[in-house]
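Chain residues, written in single-letter form:
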Protein chains: 2
Amino acid sequence: MKGHVAVIGAGLVGSGWAIVFARAGEQVRVYDANAVIRDDFLTLVSRQLLDLKSYDLVDDPSVILARITVCVTLDDAVCGAYFVQESVFEEVAVKTEISIAIGQLLNDDAIVGSSTSGIPSSAFTSDVKNRERFLVTHPVNPPYLVPIVEVVPAPWTTQDAVDRAFTFMEEVGQSPILVRREVEGFILNRLQGALLREAWDLFAEGYASADDIDKTVSEGLGLRWSFMGPFETIDLNAPGGVGDYAERLGPLYHAIQKSRKNPQPWSAELISGVDEERRSALPLGKLPERCNWRDQRLMALAAHKAGQTS
Amino acid sequence: MKGHVAVIGAGLVGSGWAIVFARAGEQVRVYDANAVIRDDFLTLVSRQLLDLKSYDLVDDPSVILARITVCVTLDDAVCGAYFVQESVFEEVAVKTEISIAIGQLLNDDAIVGSSTSGIPSSAFTSDVKNRERFLVTHPVNPPYLVPIVEVVPAPWTTQDAVDRAFTFMEEVGQSPILVRREVEGFILNRLQGALLREAWDLFAEGYASADDIDKTVSEGLGLRWSFMGPFETIDLNAPGGVGDYAERLGPLYHAIQKSRKNPQPWSAELISGVDEERRSALPLGKLPERCNWRDQRLMALAAHKAGQTS
């Protein structure tokens with residue numbers, strides 16, 4: 001018997017994962033230390049499922065919901081699980097404590113993936129029992145709409161655990177990538193950080209408004225990037241492929257980068273400049289409404305992408 | 001009488017512009033020094049229009065095509081035009097020569113935008129008659145699917161010319177942004193270059209394959225970025241907006257950037273590493289076919305975006 005999937009930490013990230021797993025047909029057992037979060041969990045999930053249904057992104061929400069059980073103890077969620085997705089608060093002490101507890105309850109061959117977006121798993125699993133089956137499986141929120149998962153082993157994670165985590169993520173419909181060894185920010189946030197750094201600098205130097213910098217992405221670069229990555233993009237932008245492109249444009253890009261040798265922290269002044277522009281475009285009180293718009297757009301985009309043949 | 005729009009340089013970029021202008025109802029007069037390019041032009045445009053029609057992105061292709069006239073002399077295209085889009089070969093000498101010729105034929109209040117992706121217009125318009133009405137209007141290819149246009153004045157371009165170029169680009173359905181003063185690579189290629197730089201480094205250091213780095217964008221970061229920019233993305237990713245986000249994650253991003261202090265040129269070894277992986281994923285002979293796939297995906301995405309209410 002294959003067993004079930006455990007979701008530990010039932011906030012926004014945990015609820016996203018529960019939907020991913022249950023949508024793929026898995027039995028899901030969810031635990032959170034906070035009783036209020038536990039009590040609200042199925043209502044939250046069921047609202048998200050109805051939203052997905054309106055874009056035809058799931059079949060029967062009630063069938064999916066019926067696969068999810070909320071547990072009152074950690075044991076009840078973890079015992080018998082063959083995959084555990086941990087999404088507790090992003091702090092080393094909190095991650096360490098729950099990982100120690102999970103490690104002691106773990107089935108013989110169960111794998112534990114952490115949702116951490118920034119902390120390498122070696123920082124909180126060194127003293128954990130069965131630590132060779134712990135690793136990072138970092139999603140983007142919400143994972144049922146954005147399929148990327150960064151699989152990042154700790155130095156002591158076995159190859160077998162990596163392989164099985166990777167295969168499992170594919171089986172539940174995600175797009176895992178392998179980060180071969182730990183690196184601060186993994187791949188996704190490093191790429192985002194590099195683009196943001198240039199964006200902040202251009203804003204600081206007065207070359208363009210934050211809104212115009214945003215448009216350069218949302219009406220320009222981001223269109224291709226929603227279905228192919230940066231390397232494939234440049235590979236298709238020269239008759240001889242990426243080598244040809246690099247020969248033509250490498251010097252321009254190097255000149256650009258040379259002007260950015262000394263990265264500064266995002267300064268308070270800089271942040272308040274962008275914040276001012278953003279708040280005048282979108283008052284803080286309208287942020288939740290705009291987040292809802294974003295989620296609707298992500299759903300529409302997911303439906304669009306699902307309809308493309310390749 | 002408003003006059004027509006002139007398209008100077010009738011290659012891939014010029015043909016894209018002709019479609020943008022004619023689709024918006026403008027009369028378009030096209031010139032290229034090369035007779036073969038002139039002779040093939042309407043066939044090329046008409047094929048592109050039929051493609052667009054298949055995605056419902058244009059109304060009647062023949063009506064649009066009828067608005068386009070190919071001219072045998074530069075005079076015939078430029079005289080009487082109120083906007084001139086120049087898309088000749090990307091080289092200072094070539095741009096200078098055509099700009100001088102255009103400047104002498106220019107109507108009293110006509111504006112000239114150059115499609116250059118990297119050369120500031122001050123590098124080729126300093127000795128041009130009417131240079132105060134020359135600037136850069138940099139598109140992404142193909143402009144009828146990717147609406148961003150970078151409007152970049154030279155130091156001598158008048159505010160009036162900037163304003164009118166900006167308004168004109170909006171009128172023909174593009175999304176112009178203002179680059180307030182000249183900077184190498186403008187905004188779009190600087191952002192792309194920053195992300196590419198980190199991508200090359202991650203590949204070089206063996207953290208991930210080029211394909212996995214690509215997936216991080218195409219199945220992750222790029223989804224949001226296809227409808228909102230990097231600042232709005234982080235603004236919506238913290239309850240208190242961008243300032244709140246920067247406080248939480250600024251230190252992580254700064255740590256990432258500190259590890260990238262000394263930008264190196266894209267080395268031959270590095271390029272051949274990525275090239276090898278790309279060629280094993282996609283042999284060079286299949287590149288044109290994949291470009292066609294990309295264009296179909298861009299069209300489908302444009303149709304999808306046009307169907308979204310906000």
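Cut-off values and rules
- Residues numbered from 1 in each chain as written.
- Chains lettered and ligands numbered in written order.
- Predicted model: local features only at pLDDT ≥ 70, side-chain atom pairs only at ≥ 80, totals over all residues.
- Contact = placed C-beta atoms within 7 Å.
- Helix = DSSP H or I, 4+ residues; strand = E, 2+ residues; numbered from the N terminus.
- Nonpolar A, V, L, I, M, F, W, Y, C, P; charged D, E, K, R; others polar.
- Expected span 1.5 Å × (residues − 1).
- Domains from an automatic or database assignment.
- Buried ≥ 20, exposed ≤ 12 C-beta atoms within 10 Å, placed from the backbone.
- Pairing = 2+ DSSP bridges.
- Axes fitted to C-alpha atoms, helices over the stretch in contact; angles between N-to-C directions.

This next bit is on the interface of chain A and chain B. The interface of chain A with chain B comprises 90 residues on the first partner and 90 residues on the second. Listing elements by their share of the side of chain A that touches chain B, those giving two or more residues are strand S8 (175-178), helix H8 (188-204), helix H9 (210-225), helix H10 (230-235), helix H11 (241-258), helix H12 (268-281) and helix H13 (287-306) of chain A. The element best represented in the side of chain A that touches chain B is H9 of chain A, accounting for 14 residues. Looking at the side of chain A that touches chain B residue by residue, the classes come out as 47 nonpolar, 22 polar and 21 charged.

If you check helix H7 (residues 159-171) of chain B, its first and last C-alpha atoms are 18 Å apart, about what 13 residues at 1.5 Å a residue would give, namely 18 Å. Here the buried face of H7 of chain B lies against strand S4 (81-86), strand S5 (111-114), strand S6 (134-139), strand S7 (148-153) and strand S8 (175-178) of chain B.

It is common to report an interface's size as the accessible area lost on association of the parts. All names here are of chain A. Segmenting chain A into domains produces domain 1 (4-178) and domain 2 (188-306). Every element with two or more residues in the side of domain 1 that touches domain 2 is listed here: helix H2 (35-54) and strand S7 (148-153). Looking at the side of domain 1 that touches domain 2 residue by residue, the class counts come to seven nonpolar, two polar and three charged.

Turning next to the pairing of S6 of chain B. Residue and element names in this part refer to chain B. Summarising burial for S6: six of the six residues are buried, a large majority. Of the two faces of S6, the one carrying Phe134, Val136 and His138 and the one carrying Leu135, Thr137 and Pro139 are both buried. Summarising the sheet, S6 and S7 pair through five bridges and their orientation is antiparallel. For Pro139, the partnering residue across the bridge sits in S7 and is Val149.

With that settled, the discussion passes to the sheet that holds S8 of chain A. Residues and elements named next belong to chain A. Within the open sheet, the eight strands sit side by side as S3-S2-S1-S4-S5-S6-S7-S8. Their pairing is mixed. Since the sheet does not close on itself, it has two edges, and those belong to strand S3 (68-71) and S8, each with one partner. Direction aside, neighbouring strands of the sheet carry axes that sit 25° apart on average. Along the sheet, helix H1 (residues 12-23) contacts strand S1 (4-8), strand S2 (28-31), S3, strand S4 (81-86) and strand S6 (134-139); its crossing angle with S2, the most-contacted strand, is approximately 170°. In the packing of H2 onto the sheet, the strands contacted are S2 and S3, and the crossing angle to S3 comes to about 165°.

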